[in-house]
Amino acid sequence: MSLNPQYEEIGKGFVQQYYAIFDDPANRANVVNFYSATDSFMTFEGHQIQGATKILEKVQSLSFQKITRVITTVDSQPTFDGGVLINVLGRLQCDDDPPHAFSQVFVLKANAGTFFVAHDIFRLNIHNSA
């Protein structure tokens, strides 16, 4: 397989679709469809998870209902196997909590004409200045 020349469009389109589903409480459980049953990994605030079922359990364990998100930038690069590396920077606010900057990295792997999330790393950008 070779580099995907549409990596920018794929990255931006994926980010719009992923967050539209994740940020809608009634639809949030459907993010599981982006992940593979066995070949997906998520690191959420340092906690590592493997497989769509475990990732869904983590997503459903999050206590907030409302999330407001502003995307600052989406940077994408093609991978040598036809996938896409995506880095997202933004700001989010959950329920009545104060807003926080966040970063999230995705690696999309090509699979029979479509993509799945092989890797997902999420962090709030909170600095301990003490």
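Each value, and the rule that gives it
Residues take numbers from 1 onward in each chain, read along the sequence in its written order. The model is predicted, so local features are restricted to residues of pLDDT at least 70 and side-chain atom pairs to those at 80 or more, both for listing and for counting; the totals for chains, interfaces and linings are taken over all residues. The side-chain numbers reported here are obtained from all heavy atoms of the structure, hydrogens and water having been left aside. In this text, helices come from DSSP runs of H or I with a minimum length of four residues, and strands from runs of E with a minimum of two, each type numbered from the N-terminal end. The atom set for the radius of gyration is the C-alpha atoms, and the globule formula is 2.2 Å times the number of residues raised to the power 0.38. Residue burial is assigned from relative accessible area. The probe radius is 1.4 Å, only protein chains are included, and a residue is buried under 20% of its type maximum, exposed over 50%, and partly exposed in between. In what follows, residue pairs with any heavy atoms lying within 4.5 Å of each other are defined as contacts. Only the protein chains shown count as cover for residues, with accessible areas throughout obtained via the Shrake-Rupley method and a probe of 1.4 Å.

**Q** What is the right way to read the overall build of the chain from this model?
**A** Regarding its fold elements, the chain presents 2 helices and 6 strands. Reading the secondary structure of the chain in the N-to-C direction produces α-β-β-α-β-β-β-β. The C-alpha atoms of the chain give 15 Å as radius of gyration, which agrees with the globular expectation for 130 residues (14 Å, within 12%). Taken along the three principal axes of its C-alpha coordinates, the chain extends 45 × 30 × 30 Å. Relative to its full complement of 130 residues, the chain shows a buried share of 38%. Here the analysis covers contacts within the chain between residues at least 6 apart in sequence; of these, 48% occur between residues at least 24 apart. About 7,700 Å² of surface is accessible on the chain, with carbon and sulfur atoms providing 52% of the total.

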